[in-house]
Amino acid sequence: MNRPLYIAGHSSYTILEKSKLKNVPFWFHYSNNSLSSYEFPYDIDEYDCIIAYGGGSVIDYAKYVAGCKKLYLEVHPTILSTDAMFTEVSIVRCPEVVYLKTKAPDKVVLDYDLLKGVDWRLHVGAGDVLSIITALRSWRKFPTYEEYIAKEALEIVDKLKRPDDRAGIDTLFNCLKEEVSLCKIVGTSQIEEGLEHEFAYCFEKYTIKKVLHCQLVVLGMLCAAKVLNMSDKEIEDIKNRFCKLGLVWDSKEIGLNLPEYFKLMVGECKMKPGEWK
Ligand SMILES: [Zn+2]
């Protein structure tokens, strides 16, 4: 491996400029999370491996290129905001959510110097672990459900710590890795993807670049908890976990005007009253 293609995200530029990588020639991926931004670099065939720096959407893109071109892939997350660095699918919005089977990175490097360049409150990846709480409620109705896996998944949830220091970041990184490993064992992401993720994907179509995936998952958990008839005590427990981990569930605080987005969604619904069956 001596001809690496370096890929980074536009938003990682400032972090990389301040690091030892400032002179590295990067291919900057200007992601709008759509298939049109998934073009290969024009000189892709000159490289024999990929080293990617960025968040979830850059890593998803790097997994796509590496998967299609059968290249070794090393990723350095610059933010811990999803579990994308461990999964073997890339999620693209075109604009509906599409899962592309790509490849899991061959190596994931936890670079604390890079991660501390981001406000710790943006390391919201705990949402992809906490979502186990609501996702399990749906998964248990499916034939793939395994009681012992569900128990192990909830043990991962209990390990989470606030990612405001090195120990917290290490723990979040390991919890995300363990959660994805469990999904691989059972062959389904239903362990951590349920109604709360449906909610997030629904809104991501409209909030690309404005709100992080797991910020929506956190809001989605509270909606899912209500839909799933979880008790007040259980909902209180979820909120306590959010507080402990520094996660925000007030839509205004994360800059999301929910009524406006609802209007957009309803506006797209072509059915008229009376046409419902
Ligand atoms: Zn997720």
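Not measured: the values here are computed from a predicted model. (Residues numbered from 1 in each chain as written. Predicted model: local features only at pLDDT ≥ 70, side-chain atom pairs only at ≥ 80, totals over all residues.)

Here the focus is the domain arrangement of the protein. Segmenting the protein into domains produces domain 1 (4-115) and domain 2 (123-256). Spacing between the C-alpha centres of domain 1 and domain 2 amounts to 23 Å. Across the contact, 16 residues belong to domain 1 and 20 residues belong to domain 2. In the side of domain 1 that touches domain 2, the residues fall into 8 nonpolar, 6 polar and 2 charged. (Domains from an automatic or database assignment. Contact = placed C-beta atoms within 7 Å. Nonpolar A, V, L, I, M, F, W, Y, C, P; charged D, E, K, R; others polar.)

The subject of this paragraph is the sheet that holds strand 4 (residues 72-77). Spatially, the 5 strands line up as an open sheet ordered 2-1-3-4-7, and their pairing is parallel. In the strand order of this sheet, the two ends are held by strand 2 (26-29) and strand 7 (107-108), each with one partner. One ladder, built from 5 bridges, connects strand 1 (residues 4-9) with strand 3 (residues 49-54); its direction is parallel. Within strand 3, the residue paired with A8 across the bridge is Y53. Its contacts with the sheet place helix 2 (residues 56-69) against strand 1, strand 2, strand 3 and strand 4, and it is angled at close to 170° to strand 3. (Pairing = 2+ DSSP bridges. Helix = DSSP H or I, 4+ residues; strand = E, 2+ residues; numbered from the N terminus. Axes fitted to C-alpha atoms, helices over the stretch in contact; angles between N-to-C directions.)

Mapped onto the elements, L71 comes out in the loop between helix 2 and strand 4. Owing to 19 C-beta atoms within 10 Å, L71 belongs among the partly exposed residues under this scheme. For the pair formed by L71 and Y47, sequence separation is 24 residues and the distance between their alpha carbons is 8.5 Å. Once you skip the residues sitting within four places of it in the chain, L71 turns out to touch Y47, D48, C49, I50 and A66. (Buried ≥ 20, exposed ≤ 12 C-beta atoms within 10 Å, placed from the backbone.)

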